[in-house]
Amino acid sequence: GGDGTVAWILNEVYAMDLDEKVSVSVLPIGTGNDLSRTLNWKADIDKNDLRNPFDMLRKIQRAESVLLDRWQININYDRSSMIAKRLNRLHPDKQMFMYNYISVGVDALVTYNFHKLRQSAFYIIKSKILNKFLYFIYGSKEVFWQKCDGLHNELELYMDGEKIELPELQSIVVLNIDNWGAGVRLIEMMKEIDPEYFESYSFSDGYVEVFGIVSSFHIAQLQIGLTKPIKFGRAKHVKVRFCS
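What counts and how
For every chain, the first residue of the written sequence is number 1, and numbering continues from 1 onward in sequence order. Predicted model: local features are reported for residues with pLDDT of at least 70 only, side-chain atom pairs are reported and counted for 80 or more only, and whole-chain, interface and lining totals are derived from all residues. In computing side-chain values, all of the structure's heavy atoms are included and hydrogens and water are not. At least two bridges found by DSSP between two strands are what make those strands a pair. Helix numbers and strand numbers start at the N terminus; a helix is a DSSP run of H or I with at least 4 residues, a strand a run of E with at least 2. Here an angle of 0 to 180 degrees is reported between the N-to-C directions of two axes, which are lines fitted to C-alpha atoms, with helices fitted over the stretch in contact. For patches, a residue must show more than 30% relative accessible area and have no salt bridge; joins then use 9 Å for like charges and 5 Å for nonpolar side chains, namely Val, Leu, Ile, Met, Phe, Trp and Tyr. Reported accessibility uses the Shrake-Rupley method at a 1.4 Å probe radius. Residues are deemed covered only where the shown protein chains occlude them. Counted as salt bridges are all cases of a side-chain nitrogen of Lys or Arg within 4 Å of a carboxyl oxygen of Asp or Glu. The pairing test for Phe, Tyr and Trp rings, Trp by its six-membered ring, is centres within 6.5 Å, and the orientation test on the planes gives stacked under 30 degrees, edge-to-face over 60, and tilted for anything in between. Buried means the residue's accessible area, taken with a 1.4 Å probe over protein chains only, is under 20% of the maximum for its type, while exposed means over 50%, and partly exposed covers the values in between. Cation placement over rings: the criterion is NZ of Lys or CZ of Arg within 6 Å of the ring centroid and within 35° of the ring normal. Residue contacts follow a heavy-atom distance rule, with two residues in contact if any of their heavy atoms lie within 4.5 Å. Each residue gets a pLDDT score, which is the predictor's confidence in that residue and runs from 0 to 100.

**So, the sheet that holds strand S6 (residues 171-175)**
- The four strands lie next to each other as S3-S6-S7-S8, forming an open sheet whose pairing is antiparallel. Each end of this open sheet is capped by a strand with a single partner; those strands are strand S3 (101-105) and strand S8 (230-235). Averaged over all pairs of adjacent strands, the angle between their axes in this sheet comes to 15°, without regard to strand direction.
- Strand direction decides the pairing type here: S6 and strand S7 (residues 208-213), joined by five bridges, are antiparallel. Note on S7: the bridge partner recorded for Ile172 is Gly212.

As structure tokens, then:
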């Protein structure tokens, strides 16, 4: 299935604590298919594979297995105040895993709003084209509403223990793969500016890449290659601390 389905399968494989390594293939029938693009399974499923599933199975049989980093994400709340301690039951600490990317800010807000819509009773007609249109609507709305404006004043970014000075931005993106937002290759965009940085990238090297996004309009510019993201670099440990 899509990237979310693949992540679910990988999490279940990890939870079962299997002795042998399990290979998982990707069938690009999701909306973004960023992992599928990264692993060269294309952005969309071939119609011939739908008509003849054996063609897809032959491709899987010939495919090369590669390693993909799994990143642990810990969400911890400040328990120092009495009020926070009482809210502990409402907001327990969480632990999850990431394979593609995670972000804090405007792009995460757009994705969250779309996710809430898909869970509602009004989400009846399901198609990839409709999903992309809804993403466009939510993204366009953020251009005008600017709910994440001034985000750089509300959080702190640490990479391998070092605090990073943040410019004005509305999102921080932590990447494991070089496909984000349905095919935007943020790391490859650094190729002209810093070729060595691009050449040293790998989704199985134990490092994540960290970028900044200025606004929802910046995302639209990235989609068509008119600009580049803010590069903070790579790290083995990333911490985002909310100050408010």
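Picking up after the structure, the text goes on.
**Some remarks on a nonpolar patch on the surface**
- Together, Met16, Leu18 and Val22 give the surface a local cluster of nonpolar side chains, amounting to about 270 Å² of exposed area.
- By secondary structure assignment, the location of Leu18 is in the loop between helix H1 (3-16) and helix H2 (34-38).

**Thoughts on unusual backbone geometry**
- With a phi angle near 70°, Lys42 is a residue other than glycine that sits in the positive phi range.
- Following the sequence through the fold, Lys42 ends up in the loop between H2 and helix H3 (47-51).
- Located in the positive-phi region is Asp160, a residue other than glycine, with phi close to 50°.
- Looking at the secondary structure, you find Asp160 in the loop between strand S4 (155-159) and strand S5 (162-164).

**Observations concerning the packing of aromatic side chains**
- Enumeration according to the criterion identifies one aromatic pair in this entry.
- Taking the centre distance of 4.8 Å and the plane angle of 65° together, the rings of Tyr14 and Phe97 count as edge-to-face. Of this pair, Tyr14 sits in helix H1 while Phe97 sits in strand S2 (residues 94-98), and the two are 83 residues apart along the sequence.
- Given a relative accessible area of 43%, Tyr14 falls into the partly exposed group.
- Accessibility expressed as a relative area gives 24% for Phe97, which makes it partly exposed.
- In this arrangement the basic side chain of Arg70 is found over the ring face of Phe97, its NZ or CZ atom lying 5.8 Å from the centre.
- Cation over ring: Arg234 sits above Tyr197, and NZ or CZ is 4.5 Å from the ring centre.

**Points about the sheet that holds S5**
- With respect to topology, three strands assemble into an open sheet ordered S5-S4-S9, the strand pairing being antiparallel. The two strands at the open ends of the sheet, each matched to only one other strand, are S5 and strand S9 (238-242). Averaged over neighbouring strand pairs, the angle between their axes works out to 30° when direction is ignored.
- Pairing geometry for S4 and S5, over three bridges, is antiparallel.

**Overview of the environment of Ile164**
- Relative to the assigned elements, Ile164 resides in strand S5.
- Given the relative accessible area of 16%, Ile164 is considered buried.
- With 68 residues separating them in the primary sequence, Ile164 and Phe232 have C-alpha atoms 7.9 Å apart.
- Ignoring sequence-local partners within four residues, the contact set of Ile164 consists of Leu157, Met159 and Phe232.

**So, the confidence of the model for the protein**
- Here the protein averages 82 in pLDDT, while 80% of its residues score no lower than 70.
- Here helix H7 (residues 128-145) stands out as the least confident element of the protein, with mean pLDDT 50; S5 is the most confident, with 96.
- Note that pLDDT drops below 50 for residues 138-145; the model gives that stretch 15 contacts with residues more than four away or on any other chain.

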